[in-house]
Amino acid sequence: MSTPTRTPAGAPSSVGGPGGRIGDDAQRPDGVLKVRGEFAYASDLWMDDMLWGVTLRSPHPYARIRSVDVGPALAVPGVHAVLTSDDVPGEKVYGLELADQPVLALDVVRYQGEPVALVAADHPDTARRAAARIVVDYDVWEPVTDARAALGHPTWNQVHDAPAAVTELSRESAHLHPHGNLVRHLKVRKGDPEPTADVVVVGEYEVGMQDQAFLGPESGLAVPGEDGGVDLYVATQWLHVDQRQICSALAMPPEKVRLTLAGVGGAFGGREDLSMHVHACLLALHTGKPVKMSYNREESFFGHVHRHPATMRYEHGATRDGDLVYVKAEIFLDGGAYASSTPAVVGNAGTMGLGPYVVPNVHVDCYGAYTNNPPCGAMRGFGSVQTAFAYEAQMDALAAELGMDPVELRCRNAMELGSETPTGQVVDSPAPVAELLRRLVAMPLPPEPATGDDVDLRHMPGGVSNTTHGEGVRRGVGYAVAYKNVAFSEGFDDYSTARVRLEVVGGEAVATVHTAAAEVGQGLVTVEQQIARTELGVDAVVVHPKDTAVGSAGSSSASRQTYVTGGAVKAACEAVRGRVLERARGLVGRPAGDLRLDGGKVVSDLEGVALPLADVLGDDAVEETVEWRHRPTQALDPDTGQGFAHVQYAFSAHRAVVDVDTELGLVKVVEMACTQDVGKAINPQAVVGQIQGGTAQGLGLAVMEEILVRDGRVQNPSFTDYLIPTVLDMPPMRIEVLEYADPHAPYGLRGVGEAPNISSGPAVLAAIRQATGLPLRRVPVRPEHLTGT
Amino acid sequence: MRPFTYLSAPDVTTALRAIATEPGARLLAGGTNLVDLMRQDVERPTTVVDISTLPLDEVQELPAGGLRIGALVRNSRLAAHPAVRSRYPVLSQAVLSGASGQLRNMATVGGNLLQRTRCPYFADGTAACNKRDPGSGCAAIGGFHRGSAVLGTSEHCIATHPSDMAVALVALDAVVEVQSLRGTRRIPLAELHVLPGDTPDVETALDPDELVTAVELPALPVAASSRYRKVRDRASFAFALVSVAAAMEVADGTVTAARLALGGVAARPWRAHLAERALVGAPATEEDFRRAATAELATAVGRPQNAFKIELARRTVVATLHQLTTEGGAA
């Protein structure tokens, strides 16, 4: 390796210090390494005798493959293997929820960038040159690129007069899959089907395709095992769901397919689906040598799913006093070529799509469609991001129609403890929606924009590009609230496994926590340590490398790991503690009811016991493995979408302050303020980090981020052309973290990661609308949308 | 990336000989554009001639009062040069508004002038592009063209030249010094880049055997009062939707001298002669500025996604000239 790298285990062990218990600010072990460029990412994996794998991808969004000739590639010196779908020994299709995506293209390719063939060679350039020599004869077909058209749905201008009548979908478009182009249709029906209201607002909204834009491209190293199996080191979000799909494709039992988490450079949902996993394993098993695959930036844009683009039509009805009477909504999500997690995203968009408001009468249709666009699936916020742009724009429009303050309208209709959701679920933990908003309102506003000689260009729209010096600048302030389910929903068996061992090493009590929960940069390893320190009263906590030698932890997504894996670690620690205290009672030899673990000792304040763990454990290790589940949820009723589908909700609210150069259409986000209820902040510093990061990602979608797709082709697969916010675009933040305990959750905690990504963008949009008076129905907003030019 | 022969040129003559004898040779200076395009398989040089160590990296005073800027002067150094900052502030501002600090540390003056378009279809080997593959068509027309040109386009190509620096240089009457084994010649920068017409693959007036060795700036008193404005999608690290380089002198409320150029709107840095003619002798009012900008943009052709650029350019011209009348332009 040219760049020296260290693993977190090799870093100075200053993690959390002797404090480092839950509620303390704990320093991340990977933070300093990443800032110094020393962190070992998956793309740094290396073995001296390894080969390099590359992927040949389809240039066409929709085509039949007449033939593939790999002969010219095999003839290239240095090439060890060239593989096609014929070389996949097991199931030739895979998928998170529905196995519909070919490991390597079968007879039809359905999106630009679909993998067709693999090459392993002794050098990455050799492999790339060889891949370019593979001759694929395509019969190119006309792609299906519009989600509504794919479902044979009339355009809205035809149905404006009778939106409720559109329930049956004709299917005239080409069928991309044997079961048609509909991935899922979720219906939510509640209350009066024919409600009437004093005031009605209707709006149509569109959200572009956002990329996760993680910095570490898809990478991994597959090593053939002596037992005929394979070891895969890979950057991912859920080792066990990868393992299940790899086993299926390789036709191997789980014990022969062993996964270890490699250094992850961001995920945000983009690593839930397989990328190079099976490919590297196939090449390693065929060549008998370790094979590394690492995408470049352009390939990465084709190598993972994106956030679903959405078109949405909402109708809100309210009384003159501002009480919501009904909401009707139609939501179309473009799932692209394969199902990925579209069914679950449809579930979220449909059930969370009205926001954190009490609505007595509900009529929602949410559709996920197959098209020949890039596959879309999980991304932070997972269906709630798209709908939040619509429902919050509607709340502002309704407030304007009623002549009410938009915050007051929201507070008046806000969910609270005991409210019933649109899907008939009673909110059974704190839901401080109104308080989140009122705390934002109470925060001081930033100073008015400077004028004349006081202008600092860095604070102006356009920044140091030297555009406006204050002329034509108008300020706007906007509010939005996020509403997101935490953890997996709709009856999914959602659990995590933790193995915790306590022993004495060199005279010091050491706890080892072993889970398969992927650390993707969110700070989970710190949470695991903090919980173990808290529960076992020790300072030294080793986090075992994340692998499949322990049971599944579920996915690092849906804001769930601190809740579910945190719950599992807590439960395993309690089991270990129970056994240790049991032993200690035997040693004490007299009744000691209040024994606890603290400072590496078994102590009892009442009884005056202070027994070193070395005396209790000797050379023994006490180890417990626990599979831990949150409360079970239920499937939604297929006709009404009603049911106890979600285990917990996350709420955050944003206030955005923007300055808009109305002459040139440039936006400066002056300040973002956020309030979020997290139940219990396990690592407060990391909570703030999640809020800042989520806010930046939401701001990006609001004003710049979009994968441009035309005729099924991606136009901007680079960070030159796909813009994400820089430090100059992201303003300072005011953050208030609330801690209202959820009685059903470990420590009362509430998932943190996604909510701030949901409320950020809609608040920015609301602020721009207030500044400009423009309706702004589509995100991202660009200069030409603001200048009327 | 395809295999190629690497030649590190020890002197100018060696470099000139290489490009004169080998049709597939490409010059490597900062590498910030060529290497990317080689990775994308758009550029396929058989020989890469590394000129980065040639002694062309000086900024010299000219006897008549101008500056001679070597073709290998790094963008960062050019922007920071005291003479540039004080006498040609628009140039310093334009350079600093482009790329990132790291890129400006590598990129050279010559490379910046000769960088290729950022039209996404140019870099996408599967798309039609007359610039990359003559005769294949233009995927931008009828495709994504939000960033495309509105001035000087043809039915064969609507790509833009992405440079900021060149927009300032063309406003400053810069002249490009070019060498070949046949000798040395000088080309006004305004004539270096050619419009696409029916040969979009021909981008400059250079012959294949010619090397840009320097850029000369004439003494230009009006340039002391000059500004660069750039409109883009985010505050940094983004190409211009529209940019304006302007220098102007006003006496008793009347414009006495003006230099104006537009970026992000054409296949070359667009010297706005029509607007300059309208400005000189006219009152320095916003109304007259708008009239001048409108005269320049009269031939602009907008398409569905980029028509907004025409009004954006007009507004940016007016705002920049207005700024020069109210506060001058010293850096």
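All values derive from a computational prediction rather than experimental measurement.

1. Some remarks on the packing of aromatic side chains
Geometrically, a pair of aromatic rings is defined through the distance of the ring centres and the angle of the planes.
Residues and elements named next belong to chain A.
Then comes step 1: In the structure shown here, the tally under the stated rule is 15 aromatic pairs over all chains.
Then comes step 2: Consider the rings of F39 and Y41, whose centres lie 4.8 Å apart with planes at 70°: the pair is edge-to-face.
Then comes step 3: Judged by relative accessible area, which is 8%, F39 ranks as buried.
Then comes step 4: Judged by centre distance (6.2 Å) and plane angle (75°), the ring pair of W46 and W52 falls under edge-to-face.
Then comes step 5: On the basis of relative accessible area, W52 is assigned to the buried category, the value being 18%.
Then comes step 6: An aromatic cluster is built from W238, F488 and F492, whose rings are joined through pairwise contacts.
Then comes step 7: The ring centre of F39 lies 4.8 Å from the NZ or CZ of K34, which sits over that ring.
Then comes step 8: Above the plane of the ring of F332 lies R148, whose end atom (NZ or CZ) is 5.8 Å from the centre.

2. What about the pairing of strand β23 (residues 601-604) of chain A?
Residues and elements named next belong to chain A.
Then comes step 1: For strand β22 (residues 596-598) and β23, the ladder comprises 3 bridges, and the chain directions are antiparallel. Within β23, the residue paired with R596 across the bridge is V603.
Then comes step 2: The hairpin formed by β23 and strand β24 (residues 609-612) contains 4 residues between the paired strands, and G608 there has a positive phi angle of roughly 70°.

3. So, the packing of helix α11 (residues 286-296) of chain B against helix α12 (residues 308-327) of chain B
Residue and element names in this part refer to chain B.
Then comes step 1: In contact at an axis separation of 9 Å, α11 and α12 are set at 140° when each is read in the N-to-C sense. The orientation of α11 relative to α12 falls into the category oblique. Every pair of crossing elements has a handedness; the one defined by α11 and α12 is right-handed. Counting all contacts with α11, which are made through E286, F289, R290, A293 and T294, the residues of α12 involved are E311, R314, R315, V317, V318, L321, H322 and T325.
Then comes step 2: For the contact of α11 with α12, the class distribution of residues is 5 nonpolar, 3 polar and 5 charged.

4. Structural notes on the nonpolar core
Then comes step 1: Membership of the largest hydrophobic core comes to 186 residues, with the highest contact counts inside it found for V580(A), V602(A) and L613(A).
Then comes step 2: Of all the elements, helix α14 (residues 561-588) of chain A adds the most residues to this core, at 12 residues.
Then comes step 3: Those residues in contact with L613(A) that lie beyond four places of it in its chain are L502(A), V504(A), A509(A), V538(A), V580(A), L597(A), G600(A), K601(A), V602(A) and G618(A).
Then comes step 4: Ranked by size, the runner-up nonpolar core spans 42 residues in total, among them L67(B), V95(B), L172(B) and L192(B).

5. Regarding the interface of chain A and chain B
Then comes step 1: Facing 35 residues of chain A, the contacting portion of chain B comprises 34 residues.
Then comes step 2: Remark: the boundary between chain A and chain B carries 2 salt bridges.
Then comes step 3: Among the ionic pairs, R146(B) bridges to E784(A), the shortest N-O distance being 2.3 Å.
Then comes step 4: Counting every contact that joins chain A to chain B gives 13 residue pairs in polar contact (both at pLDDT 80 or more).
Then comes step 5: For the side of chain A that touches chain B, the secondary structure elements donating two or more residues are α3 (124-133), β28 (709-710) and α18 (783-787) of chain A.
Then comes step 6: A total of 3 residues in the side of chain A that touches chain B trace back to one element, the largest contributor, which is α18(A).
Then comes step 7: Grouping the amino acids of the side of chain A that touches chain B by side-chain chemistry returns 11 nonpolar, 13 polar and 11 charged.

6. Quick look at the domain arrangement of chain A
All names here are of chain A.
Then comes step 1: Domain boundaries assigned for chain A yield domain 1 (51-142 + 217-264 + 271-303), domain 2 (433-484 + 648-787) and domain 3 (495-629).
Then comes step 2: Distance between the C-alpha centres of domain 1 and domain 2: 38 Å.
Then comes step 3: Residue-level contacts link 8 residues of domain 1 with 10 residues of domain 2.
Then comes step 4: Taken together, the two surfaces of domain 1 and domain 2 that pack against each other cover about 730 Å², and 66% of this comes from carbon and sulfur.
Then comes step 5: Of all residues in domain 1, P61, Q112 and F301 bury the most surface against domain 2, accounting for 62% of the area lost on that side.
Then comes step 6: Linking domain 1 with domain 2 are 0 salt bridges.
Then comes step 7: Run the count over domain 1 and domain 2 and you get 2 residue pairs in polar contact (both at pLDDT 80 or more).

7. Structural notes on the domain arrangement of chain B
Residue and element names in this part refer to chain B.
Then comes step 1: Partitioning chain B into domains gives domain 1 (1-52) and domain 2 (56-331).
Then comes step 2: Of the residues lining the interface, 17 residues belong to domain 1; the matching set on domain 2 comes to 20 residues.
Then comes step 3: Overall, the association of domain 1 and domain 2 removes approximately 1600 Å² of surface from exposure, summing both partners, and the carbon and sulfur fraction of that is 70%.
Then comes step 4: Ionic pairing is found between E43 and R116, a salt bridge with its closest N-O pair at 2.7 Å.
Then comes step 5: For the interface between domain 1 and domain 2, the tally reads 2 residue pairs in polar contact (both at pLDDT 80 or more).
Then comes step 6: It is helix α1 (residues 12-21) that contributes the most residues to the side of domain 1 that touches domain 2, 6 residues altogether.

8. Notes on the UniProt feature "domain: FAD-binding PCMH-type" (unreviewed entry) in chain B
Then comes step 1: Following the UniProt record, the feature "domain: FAD-binding PCMH-type" (unreviewed entry) maps to residues 1-222 of chain B here.
Then comes step 2: The annotated region residues 1-222 of chain B carries 26% helix and 17% strand content, and the separation between its end C-alpha atoms amounts to 47 Å.

9. Quick word on the sheet that holds strand β8 (residues 211-217) of chain B
Residue and element names in this part refer to chain B.
Then comes step 1: With respect to topology, 5 strands assemble into an open sheet ordered β4-β5-β8-β6-β7, the strand pairing being antiparallel. Of all the strands in the sheet, just β4 (59-61) and β7 (183-188) have a single pairing partner and so form its edges. Mean inter-strand twist for the sheet, computed between neighbouring axes without regard to direction, equals 25°.
Then comes step 2: Note: strand β6 (residues 175-180) against β7, 6 bridges, orientation antiparallel. Of the residues in β7, the one forming a bridge with V175 is P188.

10. Notes on the side chain of K668(A)
Residue and element names in this part refer to chain A.
Then comes step 1: By the element assignment, K668 lies in strand β27 (residues 666-677).
Then comes step 2: Of the side chains bearing the opposite charge, D729 lies closest to the buried K668, which forms no salt bridge; the N-O distance is 6.7 Å.
Then comes step 3: Here L728 takes part through its backbone oxygen, which lies 3.1 Å from a polar atom of the side chain of K668.
Then comes step 4: When residues no more than four places from it in sequence are discounted, the contact partners of K668 are R458, H459, M460, P461, V657, V658, D659 and L728.

About the cut-offs
- Residues numbered from 1 in each chain as written.
- Chains lettered and ligands numbered in written order.
- Predicted model: local features only at pLDDT ≥ 70, side-chain atom pairs only at ≥ 80, totals over all residues.
- Heavy atoms only, no water.
- Phe/Tyr/Trp six-rings, centres within 6.5 Å; stacked < 30°, edge-to-face > 60°.
- Buried < 20%, exposed > 50% of the residue type's maximum accessible area, 1.4 Å probe, protein only.
- Lys NZ or Arg CZ within 6 Å of the ring centre and 35° of its normal.
- Pairing = 2+ DSSP bridges.
- Helix = DSSP H or I, 4+ residues; strand = E, 2+ residues; numbered from the N terminus.
- Axes fitted to C-alpha atoms, helices over the stretch in contact; angles between N-to-C directions.
- Parallel < 35°, antiparallel > 145°, perpendicular 65-115°, else oblique.
- Left-handed = near helix turned anticlockwise from the far one by under 90°.
- Contact = heavy atoms within 4.5 Å.
- Nonpolar A, V, L, I, M, F, W, Y, C, P; charged D, E, K, R; others polar.
- Core = buried A, V, L, I, M, F, W, Y, C linked by side-chain atoms within 4.5 Å.
- Salt bridge = Lys/Arg side-chain N within 4 Å of Asp/Glu carboxyl O.
- Polar contact = N/O pair within 3.5 Å; in protein donor to acceptor, adjacent residues only side chain to side chain.
- Domains from an automatic or database assignment.
- Buried area = accessible area lost by both parts, 1.4 Å probe.
- UniProt positions renumbered as here; feature names shortened; annotations may be inferred.
- Lys, Arg positive; Asp, Glu negative; His and termini not counted.

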